Amino acid sequence: TQVVEGSLDTTPTYEPINVEQTSEVPTLKHDLSRVLFSPGVHFLQDPRTKVFNFDPYLKNILPVNEFDFQHITQYVASEKDKTMLKVSKLINTRYYSSTSSMTGILSHLHYLLSNFRPVNLRDLSRNVRYSHVGFSRGAKLPGNVIIRKMEQSDGETRYAIDSDKYADKEMILSRLGHSLERLLTNESEVFDKYKLSNKSEENSKAQLEMEKNSNAYHYAKMDKFLMRSQLDCKDERLPGTVTFDLKSRAVCAIRHDVAFHEEETTGYELLKTVGEYESFEKEMSELARSTLLKYSLQARIGNMDGIFLAFHNIAKMFGFQYLPSSEMDKMIHSFGKKPLKINEKTFDLE
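Residues numbered from 1 in each chain as written. Predicted model: local features only at pLDDT ≥ 70, side-chain atom pairs only at ≥ 80, totals over all residues. Heavy atoms only, no water.

Topic: the overall build of the protein
The cut-off we apply is this: Helix and strand definitions follow DSSP, with helices as H or I runs of at least four residues and strands as E runs of at least two, each counted in order from the N terminus. Relative accessible area decides the class of each residue, using a 1.4 Å probe on protein chains only: under 20% of the type maximum gives buried, over 50% gives exposed, and in between gives partly exposed. Contact between two residues is taken to exist if any of their heavy atoms lie within 4.5 Å; hydrogens are not considered. For accessible areas, the Shrake-Rupley method is used with a probe of radius 1.4 Å. Any residue's cover is judged against the shown protein chains and nothing else.
Check the secondary structure of the protein and you find ten helices and eleven strands. Within the protein, buried positions represent 44% of all 350 residues. Considering only intrachain contacts with a sequence separation of at least 6, the fraction spanning at least 24 residues in the protein is 70%. When the accessible surface of the protein is summed, it comes to about 20400 Å², and 51% of that surface belongs to carbon and sulfur atoms.

And the structure:
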């Protein structure tokens, strides 16, 4: 058995790296930017009055088999990213990786350091029992990465780190995530050009032109690591770097049986804010126990302000919510803190 010894720098600094971008970070369309500055869940269509709070165009989701994925910019693994290799050489880092490849391992480091501390759902849900606030079984599955040695002309050895996708199968949710990202960041007439039913030589050329400028990245250095984060969206009114992540979130009926819903639709909808089922409360409580830690890590590594969530059941869109990093930190890191005691007061209603 080989034993590796060395010292660990306990005070590394996070240093953003300025890399010239050829792509512009997109912005939200359909008046969705209102969600960024209004806490809580926002229904696409009010379940009581049936009045739309946002563009009705968003309600019915285009099926994935009707979306033209041919011109969608594909994910570039670290080992194949020549820009990362070049930047790593310039700033003298030994390892480089994308955010999505690192969050699985980083999540397990968090579990180790926090002794699997549960999440704090006190301010989020009143229907989740105290015993059901630990991380889900799926969240605690092993995280695998592949470290590849990359030989350099300067004689230095560098390593590209990628998640192990050997046994992965592209599911409908991952494909739908790409199409919904285009839906939320393009006007309806622009998104229509992605429909196979509208496929023409003119629209194909327009698609190619849009996709040339679709991927923008943020680079950062920490100790000997170079990290790359894709920037999904921005709004100049947000603090800091003004960027945030876009996440599409399928309802629990879909996520608990994805294989079945590859072929069949579901009647499960989000009809209320709170409740044990068919509510945004249930979706958020499950998100906090499963994927929120990874979302938080992605936002932090990318120096983003937060994440924008779009809730759907593959066929329909139900609503939206924006979670700043501070709100995610509160749910992930504050379990067990004693609530503030407020002195009882009598109020005169007259």
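Some thoughts on the packing of aromatic side chains
Condition: Only Phe, Tyr and Trp rings take part, Trp by its six-membered ring, and two of them pair if their centres are within 6.5 Å. Stacked means planes under 30 degrees apart, edge-to-face means over 60, and tilted covers everything else. The criterion is that NZ of a Lys, or CZ of an Arg, lies within 6 Å of the ring centre and within 35 degrees of the ring normal, and then a charge sits over that ring.
Scanning the entire structure with this criterion turns up 16 aromatic pairs. Taken together, a centroid distance of 5.0 Å and an interplanar angle of 20 degrees make the contact between Y95 and F225 stacked. Placement of the pair is Y95 in strand 3 (residues 95–98) and F225 in strand 7 (residues 225–231), with a sequence separation of 130 residues. Grouping aromatic residues by their ring pairs yields a cluster made of F54, F244, F308, F320 and Y322. The ring of F69 is capped by R175, whose NZ or CZ atom sits 4.4 Å from the centre of that ring.

Details of the sheet that holds strand 9 (residues 243–250)
Put simply, the rule reads: For two strands to pair, DSSP has to find at least two bridges joining them. Helix axes are fitted to C-alpha atoms over the stretch in contact, other axes to C-alpha atoms as well, and angles between N-to-C directions run from 0 to 180 degrees.
Taken in spatial order, the five strands of this open sheet run 2-11-10-9-8, and their pairing is mixed. Each edge of the open sheet is held by one strand with a lone partner, namely strand 2 (42–43) and strand 8 (233–234). In the sheet, strand 2 pairs with strand 11 (residues 317–324) via two bridges, with the strands oriented antiparallel. Across the sheet, residue H42 finds its bridge partner in strand 11, namely F320. Against the sheet, helix 3 (residues 172–184) makes contact with strand 9, strand 10 (306–312) and strand 11, and its axis sits at roughly 110 degrees relative to strand 10, the strand it touches most. Relative to strand 10, helix 9 (residues 292–301) is tilted by about 140 degrees, and along the sheet it contacts strand 9, strand 10 and strand 11.

Some points on the layout of surface pockets
Which parts of space are left empty comes out when a probe the size of a water molecule is rolled across the atoms. To keep things clear, this is the line we draw: Definitions used for this entry: grid spacing 1 Å over protein atoms alone; cavity, a set of points where a 1.4 Å probe fits but cannot get out; pocket, an open set with protein on both sides within 12 Å along at least 5 of 7 lines; lining residue, one with an atom within 4 Å of a point. Grid points are joined across faces, edges and corners, and a volume is the space filled by probe spheres set on the points.
Empty space within the second largest pocket amounts to approximately 1100 Å³. Lining the second largest pocket are 31 residues, and of these M102, L106, L109, M222 and F225 lie nearest its centre. Residue assignment for the lining of the second largest pocket shows that the elements contributing at least two residues are helix 2 (99–114), strand 4 (145–151), strand 7, helix 9 and helix 10 (325–333). The element best represented in the lining of the second largest pocket is helix 2, accounting for eight residues.

Here's the deal with the pairing of strand 11
Counted residue by residue, strand 11 has seven buried out of eight residues, so it is predominantly covered. The pairing of strand 10 with strand 11 spans seven bridges and is classified as antiparallel. Paired with H312 across the bridge in strand 11 is M317. Taking the residues between adjacent antiparallel strands as the criterion, strand 10 and strand 11 are bridged by four residues, where I314 takes a positive phi near 80 degrees.

Describing the packing of helix 9 against helix 10
The following threshold applies: Should an angle lie under 35 degrees it is considered roughly parallel, over 145 roughly antiparallel, and from 65 to 115 roughly perpendicular; all remaining angles are considered oblique. Crossings are classed by handedness, with left-handed meaning an anticlockwise turn of the near helix from the far one by less than a right angle and right-handed meaning a clockwise turn.
Running from N to C, helix 9 and helix 10 point in directions that differ by 140 degrees, and their axes come no closer than 10 Å. Relative to helix 10, the element helix 9 lies oblique. Judged by the twist between their axes, the crossing of helix 9 over helix 10 is left-handed. Mapping the contact onto sequence places L292, L293, Y295, S296, A299 and R300 in helix 9 and S325, M328, D329, M331 and I332 in helix 10.

Some details on the confidence of the model for the protein
To keep things clear, this is the line we draw: The predictor reports its confidence for every residue as pLDDT, a score running from 0 up to 100.
For the protein, per-residue confidence averages 87 on the pLDDT scale, and 85% of positions sit at 70 or higher. The low-confidence segment residues 340–350 (pLDDT under 50) makes zero contacts with residues lying over four places distant or belonging to another chain.

Some words on the pattern of salt bridges
Worth spelling out the cut-off: Whenever a carboxyl oxygen of Asp or Glu lies within 4 Å of a side-chain nitrogen of Lys or Arg, that contact is scored as a salt bridge.
Overall, the coordinates contain 15 salt bridges when judged by the stated rule. The residue D31 makes a salt bridge to R34 at a minimum N-O spacing of 2.8 Å. Take D31: its relative accessible area is 45%, and that puts it in the partly exposed class.

Re the nonpolar core
Rule in force here: Here, the term nonpolar core denotes a set of buried Ala, Val, Leu, Ile, Met, Phe, Trp, Tyr and Cys residues that are joined through side-chain atoms within 4.5 Å.
Counting 66 residues, the largest nonpolar core has L28, L184, F244, L292, F308, M317 and F320 as its most contacted members. At the level of elements, helix 3, strand 9, helix 6 (252–255), helix 8 (280–290), helix 9, strand 10, strand 11 and helix 10 are the ones that each hand at least two residues to this core. Beyond its immediate sequence surroundings of up to four residues, L184 is in contact with T27, L28, K29, H30, L32, L58, F308, A310, M317 and F320.

Some points on a nonpolar patch on the surface
This is how the line gets drawn: For patch building, the residue pool is restricted to those with more than 30% relative accessible area and no salt bridge; the joining distance is 9 Å between like charges and 5 Å between nonpolar side chains (Val, Leu, Ile, Met, Phe, Trp, Tyr).
Taken together, the side chains of I105, L109, L112, L113, V145 and I147 make up a nonpolar region of the molecular surface, amounting to roughly 590 Å² of accessible area. Elements that contribute at least two residues to the nonpolar patch include exactly helix 2 and strand 4. No other element matches the four residues that helix 2 contributes to the nonpolar patch. Position of I147 relative to the elements: it lies in strand 4.

Digging into helix 2
Cut-off, in case you're wondering: Multiplying one less than the number of residues by 1.5 Å gives the expected span of a helix. The seven residues ending at a residue and the seven starting there each receive a fitted axis; the angle between those axes is the bend at that residue.
For helix 2, built from 16 residues, the straight-helix expectation of 22 Å at 1.5 Å per residue is met to within 8% by its first-to-last C-alpha distance of 21 Å. Of all bends in helix 2, the biggest is about 25 degrees, found at I105. All buried positions along helix 2 are accounted for by T99, S101, M102, T103, G104, S107, H110, Y111 and S114. Looking one or two residues past helix 2, N115 carries a phi angle of roughly 55 degrees, positive in sign.

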